[in-house]
Amino acid sequence: PGPALAQHPSRTMAGLRIAAGLALLACTSAFRAAGRSAVRPSALRMALIPGQPYGTQKSLEKLDEMIKTANTIAKTGRGIAATDESNATTGKRLATIGVENTEENRRDWRELLYTAPGLGEYVSGAIMFEETLYQRARNGKQFVDLLNEAGIIPGIKVDTGMQPLNPFGETATQGLDMLGARCEKYYEQGARFCKWRAVVQCTHDLPSEQAMVENAHGLARYAAIAQSAGLVPIVEPETTLGPGDHSIERVAEVSEKFNSLVFRFLNEYDVVLEAILLKPNMVLPGLDLGVPPPEEVAKYTVQVMKRTVPAAVPGIHFLSGGMSEEESTLNLQALNDEYPTAPWSLTFSYGRALQSTTLKTWAGKEENWDAAQDIMVQLAKVHAQACRGEYTGPHPVPGGGRILQPIRLGGAGK
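All values reported here derive from a predicted model rather than from experimental measurement.

J.: It is not clear to me how the pattern of salt bridges should be interpreted in this structure. Could you clarify?
T.: Any two side chains of opposite charge can pair if their charged atoms end up close together. Applying the stated criterion across every chain, the model contains 16 salt bridges. One salt bridge in this structure joins Asp84 and Lys195, with 2.8 Å as the shortest N-O distance. In this pair, Asp84 is assigned in the loop between β1 (79-83) and α6 (87-95) and Lys195 in strand β6 (residues 193-200), connecting sequence segments 111 residues apart. Accessibility assignment for this pair places Asp84 and Lys195 in one class, buried. With a shortest N-O distance of 3.0 Å, Glu149 and Lys141 are connected by a salt bridge.

Quick look at the structure:
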């Protein structure tokens with residue numbers, strides 16, 4: 001859109017609706033000119049959308065493998081370790097414990113996570129950053145091999161970060177350029193799933209329709225490209241947790257609209273829903289309203305999922321999105337209490353809710369290695385118990401505040 005539309009994002013969709021109406025009118029006139037009194041829906045579909053339905057899906061060479069991978073990762077009682085932080089973000093995390101941001105130190109940190117004894121009992125997949133996908137442990141073994149041996153499927157972050165979209169401070173995710181070639185390369189290296197994050201802000205006035213449409217479309221294009229290369233796409237539509245006094249009902253409304261748009265575009269691009277995983281936010285109010293009780297979070301989150309996510313999707317892997325480690329566990333338990341017969345697994349794809357205390361415990365010191373791995377596995381265990389609706393406490397990291405992180409712009413930070 002040009003500058004005028006950037007200032008008035010609602011005009012973008014209005015223009016699209018006008019164009020669609022004109023196209024429909026043209027098709028109707030054409031059929032009547034041919035002696036038909038009405039437009040048959042099937043003929044109109046063929047006029048507006050070339051190609052046979054499911055044609056793309058039937059051509060996917062690795063479809064059976066992708067469906068199997070998605071179901072393995074989504075198995076009840078296990079979740080995903082999100083360790084795909086960019087080098088820039090990882091550097092900020094390492095700085096909090098006085099460790100320099102070097103490739104060697106980043107590798108040591110990821111090795112600590114991936115080699116934690118027993119982690120594979122509670123974690124089924126690990127999302128990696130591109131650098132990490134190609135790294136080796138101290139013993140010379142590739143990280144992808146170490147993960148596979150632990151029963152953890154390697155994955156890869158494929159978006160290249162967020163860029164400004166409009167004057168309102170909203171963002172669009174980048175990374176579609178050469179994505180197909182990159183996905184093929186990642187598959188050859190051993191990745192079997194991938195992730196793309198798309199963020200919309202929630203306030204009393206945001207998000208704009210422009211931001212929701214742009215980010216939903218990007219998620220669908222990415223998912224179609226990923227499946228064509230044999231990778232299971234994690235679709236991450238995030239209504240981000242941020243400052244403000246907007247209610248939990250407002251966040252539920254925005255999350256529902258955003259998710260609905262995402263699945264509309266996924267269907268438009270013939271994405272096989274049985275071979276994707278969803279990574280949404282839990283429904284939380286603005287930060288000014290404090291931490292809501294888990295039962296309230298579960299009520300609105302389940303409502304949104306019921307209204308927007310088809311049963312064909314194997315698993316919903318919630319992001320921690322700034323929640324404390326204990327809050328992440330309690331809310332996940334409440335979700336499974338609220339909807340024990342859900343058609344999808346209600347599980348986790350946590351980053352900070354697995355890593356924050358683990359990093360502090362390690363502190364970059366070799367003598368703390370075992371203790372840090374132990375707390376990592378304890379956190380994964382209680383999250384996994386919550387996935388099964390079996391968490392009763394006590395929590396290994398009780399209390400604690402929100403683990404917030406501002407949205408970073410400017411690419412993937414290689």
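J.: Any chance you could explain unusual backbone geometry here in plain terms?
T.: Outside of glycine, negative phi angles account for most residues, and trans bonds account for most peptide bonds. Each neighbour pair has its own omega, and for Leu206 with Pro207 the value is 10°, a cis peptide bond. Summarising the element assignment, Pro207 is placed in the loop between β6 and α11 (209-228). One non-glycine residue, Asp270, lies in positive phi territory at about 60°. The residue Asp270 is located in the loop between α12 (248-268) and β8 (277-278) in this model. A relative accessible area of 17% means that Asp270 is categorised as buried. Even without glycine at this site, Ala363 takes up a positive phi of about 55°. Here Ala363 lies in the loop between α15 (352-362) and α16 (369-387).

J.: Help me understand the packing of aromatic side chains, please; the structure alone is not making it clear to me.
T.: Each aromatic ring pair is summarised here by two numbers: the centre-to-centre distance and the angle between the ring planes. Enumeration over the complete set of coordinates arrives at five aromatic pairs. The interplanar angle of 20° and the centroid separation of 5.3 Å between the aromatic rings of Trp196 and Tyr222 together place this pair among those described as stacked. Residue Trp196 is located in strand β6, and its partner Tyr222 is located in helix α11; the two are separated by 26 residues in the primary sequence. As far as burial versus exposure is concerned, Trp196 and Tyr222 are alike and both buried. In this structure, Arg192 packs its charged tip against the face of Tyr187, placed 3.7 Å from the ring centre.

J.: Honestly, the packing of α12 against helix α13 (residues 294-308) in this entry has me stumped. Any pointers?
T.: For any two helices packed against each other, the geometry is given by the interaxial angle and the distance between the axes. Interhelical geometry of α12 versus α13 gives an angle of 25° and a closest axis separation of 9 Å. Relative to α13, α12 is oriented roughly parallel. The interaxial crossing formed by α12 with α13 has right-handed handedness. Contacts between α12 and α13 involve Ile248, Glu249, Ala252, Ser255, Glu256, Asn259, Ser260 and Phe263 from the former and Glu296, Val297, Tyr300, Val304, Met305, Arg307 and Thr308 from the latter. Split by residue class, the contact of α12 with α13 holds seven nonpolar, four polar and four charged.

J.: Can you walk me through the nonpolar core in this structure?
T.: Nonpolar side chains tend to gather and get buried jointly when the protein is soluble and globular. Counting residues in each nonpolar core, the largest one holds 101 residues, and the members touching the most others are Val158, Tyr222, Leu266, Leu332, Trp344 and Trp362. One finds Ile73, Ala74, Ile80 and Phe193 within the second-largest nonpolar core, a separate group that totals 16 residues.

J.: How do you make sense of the side chain of Glu236 when you look at a structure like this?
T.: Mapped onto the elements of the fold, Glu236 is located in strand β7 (residues 232-239). Here Lys195 takes part through its side chain, which lies 3.3 Å from a polar atom of the side chain of Glu236. Aside from chain neighbours lying at most four places away, what touches Glu236 is Lys195, Trp196, Arg197, Ala198, Leu219, Lys279 and Leu319.

J.: It is not clear to me how the environment of Gly400 should be interpreted in this structure. Could you clarify?
T.: Assignment of secondary structure puts Gly400 in the segment after α16. Between the C-alpha atom of Gly400 and that of Glu327, which follows or precedes it by 73 residues, the distance is 8.6 Å.

J.: Which parts of the structure should I look at to understand α16?
T.: The periodicity of an α-helix, 3.6 residues per turn, causes residues three or four places apart in sequence to face the same way. Helix length check: α16 (19 residues) gives 27 Å between terminal C-alpha atoms against 27 Å at 1.5 Å per residue, within 8%. Across the 19 residues of α16, 14 count as buried, placing the element largely inside the fold. In the segment just after α16, Gly389 is the residue with positive phi, at about 75°.

What counts, and where the lines are drawn
- Residues numbered from 1 in each chain as written.
- Predicted model: local features only at pLDDT ≥ 70, side-chain atom pairs only at ≥ 80, totals over all residues.
- Heavy atoms only, no water.
- Salt bridge = Lys/Arg side-chain N within 4 Å of Asp/Glu carboxyl O.
- Helix = DSSP H or I, 4+ residues; strand = E, 2+ residues; numbered from the N terminus.
- Buried < 20%, exposed > 50% of the residue type's maximum accessible area, 1.4 Å probe, protein only.
- Phe/Tyr/Trp six-rings, centres within 6.5 Å; stacked < 30°, edge-to-face > 60°.
- Lys NZ or Arg CZ within 6 Å of the ring centre and 35° of its normal.
- Axes fitted to C-alpha atoms, helices over the stretch in contact; angles between N-to-C directions.
- Parallel < 35°, antiparallel > 145°, perpendicular 65-115°, else oblique.
- Left-handed = near helix turned anticlockwise from the far one by under 90°.
- Contact = heavy atoms within 4.5 Å.
- Nonpolar A, V, L, I, M, F, W, Y, C, P; charged D, E, K, R; others polar.
- Core = buried A, V, L, I, M, F, W, Y, C linked by side-chain atoms within 4.5 Å.
- Polar contact = N/O pair within 3.5 Å; in protein donor to acceptor, adjacent residues only side chain to side chain.
- Expected span 1.5 Å × (residues − 1).

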